[in-house]
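Chain and residue survey
So you can see what is in the structure, the chains are spelled out below.
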Amino acid sequence: MTTAQIVQVTLPSGDLVWVRMESPGPGRDSERGIQDVALGEAAAVVHAGLLPGFTESVRGVVTSVQHALEQVRPDVMTVEFGIEITARTGKVLSVLAESGGTAHIRVTASWNPGSGPAPRPVAGGEG
Amino acid sequence: MTDRRTAESLLAACTVRLDAYDGPPRGTAFFVAPGYAMTAAHVVGGARGLPVQLHGRPGFWPGHVENVWPPADAGSPMSGQPYPPPDLALIRIDDGPAHMCALLSDRRPAGGAAVIARGHGRNFDGLTVTAETESFTLTGELETPDPDCTLLKLGLGQAVRGMSGAPVLDVSTGEVIGMLRTSRDIGSNLGAWVVPAELIRRLWPDDVRVGNERFHEEDDRWRRVRASMREQAPLTAPPASSGNVSIGAVHGGEVTVITGGVFRDLNIGADIAGRRRDPDGEGTR
């Protein structure tokens, strides 16, 4: 069982967004049993409205997709993905949201009429 | 105001919230001598010299971690494991207003003692850190890999996040019997582990010991409360041979009545509560 709360966080751009943050409930094995009970620094960072690591996660995904499509040069590229914010003692992780064990990234590429996908360069052309 | 209420207010006066310097709250600490406070080592990451800020009713006190038992580099805990024993840190206050100091017991508390802990957690709205108290019952002891450190076990109370470093008050003697360091389960009333006061007194340096004694000689409010509670104890507690001791399970009502026996010496399990009825049926312990 988990409990969730909605918290407001500040993106690195300065924009405010609301994030659903799940906390492991008493039924979660990792939260049961013996444990030291200082206040969690990671949760405090999220509660303070900060998301360390967020910029790097977003930039990494977008740059990877950009690199994958640079040879076909779309006029418009849309990337949809989810980020899971996980607060654990000592650090805040932002990772690609998983569904059934698979990370989902939906990429849509489009070209304006007449522009068309760029021709593939000839492999091994440098020789 | 009853002696118990007075003792609880003195406990509140010596308890503070511990923050990282210019950072978020980390847990609880309590003053043990003028210019000194105690907390759990894991609250400050086991780091000597770490700058911290203590926040309480009269104001705030900047300070730093003067000593740690043991330091983090002397046996860092594995992830998810409790900090190595005894898990204590001494905070040296650099500045700030005068403050109350805890009156620490120099003996092991009686089995079954009723206690309260006062700490700072995020339990009101999940965001704001506020002070709270929780009652427990002393249920036993726990030996650790350190032969010089045997912890006290509390039951019948919920030790939530933020309670690390909280002083624990014996409500029948008026003395602080130790410092809460670890929850036995944050989601239930299974209780906590406590570093006993006698071990804190053994470890603190002479400056702190002298400061604590001098403080309570000059400000005898806490000692007077303790003396009054000691005087009253024989009057309110019926003779052991005629007292009724009722024992109830955690999640149930009273199930058994045992007559006779010396309740103070009973070692009861984590899931069992014991209390003796006063002749007038009001007091419990």
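Here the structure is a predicted model, which means the values were calculated and not measured. (Residues numbered from 1 in each chain as written. Chains lettered and ligands numbered in written order. Predicted model: local features only at pLDDT ≥ 70, side-chain atom pairs only at ≥ 80, totals over all residues.)

**Notes on the overall build of chain A**
Each helix and strand in chain A was counted, giving two helices and nine strands. Mapped from its N terminus to its C terminus, chain A presents α and β elements in the order β-β-β-α-α-β-β-β-β-β-β. Taken across its 127 residues, chain A has 9% of its residues classed as buried. The long-range fraction of contacts in chain A, counting pairs at least 24 apart against all pairs at least 6 apart in sequence, stands at 61%. (Helix = DSSP H or I, 4+ residues; strand = E, 2+ residues; numbered from the N terminus. Buried ≥ 20, exposed ≤ 12 C-beta atoms within 10 Å, placed from the backbone. Contact = placed C-beta atoms within 7 Å.)

**With respect to the pairing of strand β9 (residues 105-110) of chain A**
Residue and element names in this part refer to chain A. Little of β9 sits inside the fold, with zero of its six residues counted as buried. Judged from the six bridges that link them, strand β4 (residues 76-81) and β9 form a sheet pairing that is antiparallel. Bridge pairing in β9 links V79 to V107. (Pairing = 2+ DSSP bridges.)

**Some details on the confidence of the model for chain A**
In low-pLDDT segments, the atomic positions of the prediction should not be examined closely. Residue and element names in this part refer to chain A. Chain-level pLDDT for chain A is 67 on average; 38% of the residues reach the 70-or-more range. Mean pLDDT values over the elements of chain A span from 50, in strand β7 (residues 98-99), up to 90, in strand β3 (residues 35-36). The low-confidence segment residues 25-29 (pLDDT under 50) makes ten contacts with residues lying over four places distant or belonging to another chain. (pLDDT = per-residue confidence, 0-100.)

**A look at the nonpolar core**
Taken as a class, soluble globular proteins show a tendency for nonpolar side chains to be buried jointly. Residues and elements named next belong to chain B. Counting residues in hydrophobic clusters, the biggest one holds 72 residues, and the most contacted among them are V32, A37, A89, V115, V168 and V194. With five residues, strand β2 (residues 25-33) is the largest single contributor of residues to this core. When residues no more than four places from it in sequence are discounted, the contact partners of V194 are L151, L152, L154, V168, G178, M179, L180 and R181. (Core = buried A, V, L, I, M, F, W, Y, C linked by C-beta atoms within 7 Å.)

**Here's the deal with the sheet that holds strand β6 (residues 88-93) of chain B**
All names here are of chain B. Taken together, six strands build a closed barrel; the order of strands is β1-β2-β3-β6-β5-β4 and the barrel is antiparallel. Each neighbouring strand pair of the sheet contributes to a mean axis angle of 40°, computed without reference to strand direction. Alignment of strand β1 (residues 15-20) against strand β4 (residues 51-55), held across four bridges, turns out to be antiparallel. If you follow R17 over to β4, its bridge partner there is H55. Helix-sheet contacts for helix α3 (residues 206-218) involve β2 and β3 (36-39), and the interaxial angle to β2 is about 70°. (Axes fitted to C-alpha atoms, helices over the stretch in contact; angles between N-to-C directions.)

**Examining helix α1 (residues 3-14) of chain B**
Residue and element names in this part refer to chain B. Between its terminal C-alpha atoms α1 stretches 17 Å, which fits the 16 Å expected from twelve residues at 1.5 Å a residue. Restricting attention to buried positions, one finds in α1 the residues A7, L10, L11 and C14. Seen along its axis, α1 keeps its buried residues to an arc of 105°; they face one direction. (Expected span 1.5 Å × (residues − 1). Arc of directions from axis to C-beta.)

**As for the environment of I200 of chain B**
Residues and elements named next belong to chain B. Within the secondary structure, I200 sits in helix α2 (residues 197-203). For the pair I200 and I177, spaced 23 residues apart in the sequence, the C-alpha separation amounts to 9.7 Å. Setting aside residues no more than four positions away along its own chain, I200 makes contact with M38, L88, L104, M179 and V195.

**Focus on the environment of P109 of chain B**
Residue and element names in this part refer to chain B. Its place among the elements puts P109 in the loop between β6 and β7 (114-121). Among the residues examined, P109 registers 23 C-beta atoms within 10 Å and is labelled buried. A sequence separation of 87 residues divides P109 from P196, and the C-alpha atoms of the two residues are 8.9 Å apart.

**Regarding α3 of chain B**
Residues and elements named next belong to chain B. Between its first and last C-alpha atoms α3 spans 18 Å; for 13 residues at 1.5 Å apiece the expected length is 18 Å, and the two agree. Inspection of α3 places V208, N212 and F215 among the buried residues, and these make up the whole buried set. Angular distribution of buried residues about the axis of α3 spans 65°; they occupy a single face of the element. Residues of α3 that are exposed and angled more than 90 degrees away from the buried face: D206, V210, E213, E217 and E218. Of the surrounding elements, those touching the buried residues of α3 are β2 and β3.

**Points about the confidence of the model for chain B**
All names here are of chain B. Scored by pLDDT, chain B comes out at a mean of 83, with 79% of its residues at no less than 70. Counting interchain partners and residues more than four positions distant, the pLDDT-below-50 stretch residues 236-285 has 70 contacts. Across the interfaces of the predicted complex, the ipTM metric reaches 0.76, alongside a pTM of 0.68.

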